[in-house]
Number of protein chains: 2
Amino acid sequence: MSVKEYLESQRVIIDATLDRLTPREETPPSTIHRAMRYSLFAGGKRVRPILCMEAARAVSDAPTGIEEAACALELIHTYSLIHDDLPALDNDDYRRGKLTCHKVFGEAMAILAGDALLTLAFEVLSALTMIDGDRRARLVKELARASGTLGGMIGGQVEDLEGEGKPAEAALLNTIHTAKTGALLRGSLRLGAIYGRAEMHQLSALSRYGEHVGLAFQIVDDVLDVEQTSEALGKTAGKDAEQEKITFPAVYGVEESKRMAESERQKAHAAVEMFGDRAKRLREMADLIVNRKA
Amino acid sequence: MSVKEYLESQRVIIDATLDRLTPREETPPSTIHRAMRYSLFAGGKRVRPILCMEAARAVSDAPTGIEEAACALELIHTYSLIHDDLPALDNDDYRRGKLTCHKVFGEAMAILAGDALLTLAFEVLSALTMIDGDRRARLVKELARASGTLGGMIGGQVEDLEGEGKPAEAALLNTIHTAKTGALLRGSLRLGAIYGRAEMHQLSALSRYGEHVGLAFQIVDDVLDVEQTSEALGKTAGKDAEQEKITFPAVYGVEESKRMAESERQKAHAAVEMFGDRAKRLREMADLIVNRKA
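Let me begin by describing the structure that accompanies this report. Computed from a prediction, not measured in an experiment: that's the story for all the values here. For every chain, the first residue of its written sequence is number 1, and the numbers climb from 1 along that sequence. Just so you know, chain letters begin at A and ligand numbers begin at 1, following the order they were written in. Given that the model is predicted, a residue must reach a pLDDT of at least 70 before its local features are reported, and side-chain atom pairs must reach 80 or more before they are shown or counted; all residues, however, enter totals for whole chains, interfaces and linings.

## A short note on the overall build of chain A
Here is step 1: Only DSSP runs of H or I covering at least 4 residues are called helices, and only runs of E covering at least 2 are called strands; the numbering of each starts at the N terminus. Along its length, chain A carries 15 helices and 2 strands.
Here is step 2: The atom set for the radius of gyration is the C-alpha atoms, and the globule formula is 2.2 Å times the number of residues raised to the power 0.38. Taking 2.2 N^0.38 as the reference for a compact globule, 294 residues should give roughly 19 Å; the C-alpha atoms of chain A span a radius of gyration of 18 Å, in line with that estimate.
Here is step 3: Along the first, second and third principal axes, the C-alpha atoms of chain A reach 50 × 50 × 35 Å.
Here is step 4: A total of 294 residues make up chain A; the buried ones form 56% of that total.
Here is step 5: Once C-beta atoms have been placed from the backbone, residue pairs whose C-beta atoms lie within 7 Å are recorded as contacts. Contacts in chain A between residues at least 24 apart in sequence constitute 71% of all its contacts with a sequence separation of at least 6. Buried, partly exposed and exposed are defined by the number of other C-beta atoms within 10 Å of a residue's own C-beta, namely 20 or more, between the two limits, and 12 or fewer respectively, with C-beta atoms placed from the backbone.

Here it is in structure tokens:
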């Protein structure tokens, strides 16, 4: 099976599981369930859940039920997109080529839908049935830290907001992106590894893979914002420069940024070498992330 | 010790624990930590955490560490106040006599501070050290459900928003308040009971106490909004009528609402009769909640 076919098969599993874990549209109060589902099923590639499942498979033969744990990452990711798009934050009208949640359901409902997805992520982890309570609690802790203010996603979001208009410096850029996108991508690998009962050195290796892939992902994201059209991206291109965001192209230039992404790709490969064939899909995903066009 | 002295001693314990569990203001990114602490230490009475601790004490001799679990309830309560006060929701400038979070830190930071408190609540539960993983995970599940869309706090918030301007009917009023304020108050008792290893019949009794006290709390809140001045409440009085909210006075009138609160107080007492002296403070708290003036 080609990597594209494989990823598609995994996306289908995640979509079906998300559908099962999220309240139905007709369940009252239905407006919020419609808003949650609108953003959750807006065409995401499910990168984080698939990385989570692959991490579990790198260390365990049959990590039954991993797809449910993996969905918690997509619930967090989706809540963060909804809140980031709000007028008070990035003020985006489009996301993946569709109107953003607050444009369709209004700001109040978008705020609450984000809160609800965040809450549901932890409920899902706490209710996993195939692993023991210690691991359920450990997954909650990992996800909360990856999403929180201390080196986590929210912390990165704050640094990003406060960095607007500041001089483009490498140290600040690194702080922002390690937290803003890096922590949840790294967390995706760690949740999968913990679910699969990874040993310490395996958990470290998968964390390192996550850090390199996370950095590559963000560099490519910044480069695409400069080079691509809004149509190709499905969101407004050129927003970073307009908002005076600190980006990799702004600090290093486009060509050097591309070299850096390639270097991170190679480091990601090296990090999972010990897993041999079991990390085949992880290596392919690193390649795809660096070479994507949108 | 009088009940007022006792509650004050418990409030001090909760405040000290919240202070220990929340990142320091000077820790980067400091703006969000200042915003979180601004709202967290804005003079709350800590009703939910104290109910949680008392529930644990009703079923266990020495529920060591319960104050940490109890703080998760205040973190959730505070996040919900920050988000409720936003311009897109209730648009309140004052809360407990102080400017609301978004008035001081801006809307973007208030949204993120709420998200961060919500996330921290689950981190705190997942990291409890005095109980086993099964109970940690169970507490996470209880709190997520009490805060979520299906009969939980967010669900009630949505029904409340959508109820504005609708005819004041008893059934809708009940749906809104059972979820909006009732679920987290009931959850406070349940978290404490689970922490203290309650037996099933004890958990049910404490849940029922929570339901009655929660209903009494909301009825009194609605009555105070009609009868008290903004100065006495520390927030804008008369907002319910202005926003055409469905309230107990609107459906039943003020006098009947007061009778209903008294009836709930008595039912709360009856629910915890089986615990004898161990529920003394719970009975006193039900009395205070019904007789409060702000």
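## Considering the environment of A:Leu51
Residues and elements named next belong to chain A.
Here is step 1: Among the secondary structure elements, Leu51 is positioned in helix H3 (residues 47-59).
Here is step 2: Sequence-wise, Leu51 and Leu185 are 134 residues apart; in three dimensions their C-alpha atoms are separated by 8.0 Å.
Here is step 3: When neighbours within four sequence positions are excluded, Leu51 is seen to be in contact with Leu185, Ser188, Leu189 and Met285.

## Some thoughts on helix H7 (residues 133-147) of chain B
An α-helix turns once every 3.6 residues. As a result, residues three or four positions apart point the same way.
Here is step 1: An expected span of 1.5 Å times one less than the residue number is assigned to each helix. Taking 1.5 Å of rise per residue, the 15 residues of H7(B) would be expected to cover 21 Å, and the 21 Å separating its terminal C-alpha atoms lies within 8% of that figure.
Here is step 2: By the criterion of burial, H7(B) is predominantly enclosed, with 12 of the 15 residues buried.
Here is step 3: Looking only at H7(B), the buried set comprises B:Arg136, B:Ala137, B:Arg138, B:Leu139, B:Val140, B:Lys141, B:Glu142, B:Leu143, B:Ala144, B:Arg145, B:Ala146 and B:Ser147.
Here is step 4: Next to the buried residues of H7(B) lie helix H6 (107-126) and helix H7 (133-147) of chain A together with helix H4 (66-85), helix H6 (107-126), helix H8 (153-163) and helix H9 (170-195) of chain B.

## Description of the nonpolar core
A general tendency of soluble globular proteins is for nonpolar side chains to be buried together.
Here is step 1: Note on definitions: a nonpolar core is a set of buried residues drawn from Ala, Val, Leu, Ile, Met, Phe, Trp, Tyr and Cys, linked by C-beta atoms within 7 Å. Counting residues in hydrophobic clusters, the biggest one holds 182 residues, and the most contacted among them are A:Ala113, A:Ala121, A:Ala216, B:Ala113, B:Ala121 and B:Ala216.
Here is step 2: Those residues in contact with B:Ala113, other than ones at most four positions away along the chain, are B:Ile32, B:Ala35, B:Met36, B:Ser39, B:Ile82, B:Cys101 and B:Phe105.

## Some words on the relation of the copies chain B and chain A
Here is step 1: When chain B is fitted to chain A, the residual RMSD is 0.0 Å, and the transformation amounts to a turn of 180° plus an axial shift of 0.0 Å. As the rotation angle and translation indicate, the two copies are arranged about a two-fold axis. Copies are brought into register by a least-squares superposition over C-alpha atoms of residues with pLDDT of at least 70 in both.

## Some thoughts on the packing of H9(B) against helix H10 (residues 200-227) of chain B
All names here are of chain B.
Here is step 1: Fitting a line to C-alpha atoms yields each axis, with helices limited to the stretch in contact; the angle taken between N-to-C directions then spans 0 to 180 degrees. At a minimum axis distance of 8 Å, the contact between H9 and H10 shows a crossing angle of 145°. For the pair H9 and H10, the sense of crossing is right-handed. Of the residues in H10, those touching H9 at His177, Thr181, Gly182, Leu185, Arg186, Ser188, Leu189, Arg190 and Ala193 are Gln202, Leu203, Leu206, Ser207, Tyr209, Gly210, Glu211, Val213, Gly214, Leu215, Phe217 and Gln218.
Here is step 2: In this classification, Asp, Glu, Lys and Arg are treated as charged, Ala, Val, Leu, Ile, Met, Phe, Trp, Tyr, Cys and Pro as nonpolar, and every other residue, Gly included, as polar. Partitioning the contact of H9 with H10 into residue classes produces 9 nonpolar, 9 polar and 3 charged. Less than a right angle of anticlockwise turn of the near helix away from the far helix marks a crossing as left-handed, whereas a clockwise turn marks it as right-handed.

## With respect to the interface of chain B and chain A
Here is step 1: Every contact between the two is made by 42 residues of chain B and, on the other side, 42 residues of chain A.
Here is step 2: For the side of chain B that touches chain A, the secondary structure elements donating two or more residues are helix H2 (30-40), H6, H7 and H8 of chain B.
Here is step 3: Ranked by residues supplied to the side of chain B that touches chain A, first place goes to H6(B) with 12 residues.
Here is step 4: Looking at side-chain class alone, the side of chain B that touches chain A contains 21 nonpolar, 11 polar and 10 charged residues.

## Structural notes on the packing of H3(A) against helix H4 (residues 66-84) of chain A
Packed helices, taken two at a time, are described by the angle between their axes plus the distance between the axes.
Residue and element names in this part refer to chain A.
Here is step 1: Two elements in contact, H3 and H4, have axes separated by 8 Å at closest approach and are oriented at 150°. Relative to H4, H3 is oriented roughly antiparallel. As H3 runs across H4, the sense of the crossing is right-handed. Of the residues in H4, those touching H3 at Arg48, Pro49, Cys52, Met53 and Ala56 are Ile66, Glu67, Ala69, Ala70, Cys71, Leu73, Glu74 and His77.
Here is step 2: Grouping the constituent residues of the contact of H3 with H4 by class yields 9 nonpolar, 1 polar and 3 charged. The scheme is simple: roughly parallel for angles under 35 degrees, roughly antiparallel for over 145, roughly perpendicular for 65 to 115, oblique for anything else.

## Topic: helix H9 (residues 170-195) of chain A
Residue and element names in this part refer to chain A.
Here is step 1: Taking 1.5 Å per residue as the helical rise, H9 with its 26 residues ought to reach 38 Å, and the 35 Å between its terminal C-alpha atoms agrees with that figure.
Here is step 2: The sharpest bend along H9 reaches about 55° and sits at Gly182.
Here is step 3: Most of H9 is tucked away: 22 of the 26 residues are buried.
Here is step 4: Arg197 lies just past H9 and shows a positive phi near 60°. By definition, a residue's bend is the angle between the axes fitted to the seven residues ending there and the seven starting there.

## Quick word on unusual backbone geometry
Here is step 1: Backbone torsion omega between A:Pro28 and A:Pro29 reads -5°, so that peptide bond is classified as cis.
Here is step 2: You can see A:Pro29 is positioned in the loop between helix H1 (3-21) and helix H2 (30-40).
Here is step 3: Of note in the backbone geometry, A:Arg46 takes a positive phi value of approximately 65° without being a glycine.
Here is step 4: As for its placement among the helices and strands, A:Arg46 is situated in the loop between H2 and H3.
Here is step 5: In this structure, B:Asn91 takes a positive phi of about 50° despite not being glycine.
Here is step 6: Inspection of the secondary structure assignment puts B:Asn91 in the loop between H4 and strand E1 (94-95).

Keep in mind these numbers describe shape, not what the thing actually does.
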